[in-house]
Amino acid sequence: MKICFVLNDIESEKSGTSVALMCMAHQRGHEVYAMGVGDFNFHHDSPITINATQVPKNTKTKSPDKFLEALQGKKARKKQLDSTKLDVLFIRNNPTEEEGRQWAEQAGVAFGRMIQQQDVLVLNDAYALSHAFIDKLYFEELPEEIKPDSIITRDKDQLLDFWEKQNKKMVLKPLEGSGGQDVYLIDEHEKNVNQIIDHLSSQGYVIAQEFLPAVKDGDVRVLLLNGKVMEKDGEKAIIRRVAGEGEFRSNFALGATADSSDLTPAMKKIVELTAPKLIRDGLFFVGLDIVKDKLIEINVLSPGGMEHFKDIGLPPFTDYVIEAIERKVEYKKAYEGQLSNRTLATMD
């Protein structure tokens, strides 16, 4: 199959989940392309084209690091590609990494919708991504029983009132963005609460969330494919992210370390209550962040963490994901237009 991965920018891409998936697709003999969100070209009288990059022909890449090295190297092949010739467009750019490039935050999803209309399989479904673009707002549509108490507003008085009701301990973060940035733990000793609220609300809506004491043990990232926890050789795609000393945020980008975790009954319940909505909406590959018995965040745009699986003895799972995409391409050809992109996106 011909598959193109939409990244933030090829030159700045690091060896993470997206690169690992591209490497596996390449190893399985597929025609793999990469592009940045600034590499779409719209023509009013012809299909959208993309400025694509491909590793040199006959490149043998034994690891994601080597694949990325070849992709970013001087011998990488550059070509303008007719998007209708693709079998799959896999949208993997991370809007939280687009500091200073506001134009890029929604570009991948916006062009993804147009390419989806050209009968190319787009993952995750581009219209679902448009709806879920602000991950934390999409998160609020999920059942109350699996979420911490929260409020979304730009009203300082309401945020302060929520703080009082939470015994003066809450987490504040921007509704859009994050990735661990501008996330604050506000307790009774915080002297700058008003300034922090002013800072966050000046950028947009603010989410105040109940503080969960169990976060001291880290949070757990559960990766779902087609609404199910990925499982291979008896191992599940689950990783605990443990924050560094003196830090309550469990982001790998902020120095968190990886640890193993079982799928607890509480986590299983969260998955069971979340999955039907993900399947209905056409969200193929999703990351759930869980603290004990509460879902604290959902990532539908660029779920990651797979690059750390080797650190805790888990299989890479990249072949699991690519095999699932291969099946979708087969279904699409077999049914010849009878199945919508949204249906195909979450078919096993």
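For the structure, check the block above.
Residues numbered from 1 in each chain as written. Predicted model: local features only at pLDDT ≥ 70, side-chain atom pairs only at ≥ 80, totals over all residues. Heavy atoms only, no water.

Engineer: Could you give an account of the side chain of Asn341, naming the residues involved and the relevant values?
Structural biologist: Among the secondary structure elements, Asn341 is positioned in helix H11 (residues 341-345). With a relative accessible area of 12%, Asn341 lands in the buried category. (Helix = DSSP H or I, 4+ residues; strand = E, 2+ residues; numbered from the N terminus. Buried < 20%, exposed > 50% of the residue type's maximum accessible area, 1.4 Å probe, protein only.)

Engineer: Could you give an account of the sheet that holds strand S11 (residues 206-210), naming the residues involved and the relevant values?
Structural biologist: Here 4 strands make up an open sheet; going across it, the order is S8-S11-S9-S10 and the pairing antiparallel. Each having just a single partner strand, strand S8 (150-153) and strand S10 (184-186) make up the two edges of the open sheet. Across the sheet, the axes of successive neighbouring strands diverge by a mean angle of 25°, strand direction being ignored. By the bridge criterion, 5 bridges tie strand S9 (residues 170-174) to S11 in an arrangement that is antiparallel. When the sheet's bridge partners are listed, Pro174 is paired in S11 with Val206. (Pairing = 2+ DSSP bridges. Axes fitted to C-alpha atoms, helices over the stretch in contact; angles between N-to-C directions.)

Engineer: Tell me about the pairing of strand S12 (residues 219-225), and name the residues and values.
Structural biologist: With 7 of its 7 residues buried, S12 lies for the most part within the structure. Side chains Asp219, Arg221, Leu223 and Leu225 of S12 all project onto a buried face; the interleaved residues Val220, Val222 and Leu224 project onto the opposite face, where all are buried too. Pairing of S12 with strand S16 (residues 238-242) involves 4 bridges; the strand directions are antiparallel. The residue of S16 that forms the bridge with Val220 is Arg240. Two strands pair when backbone bridges link them, and S12 and strand S18 (residues 285-291) are joined in this way by 6 bridges, in the antiparallel orientation.

Everything listed is a geometric property; what it means functionally is a separate question.
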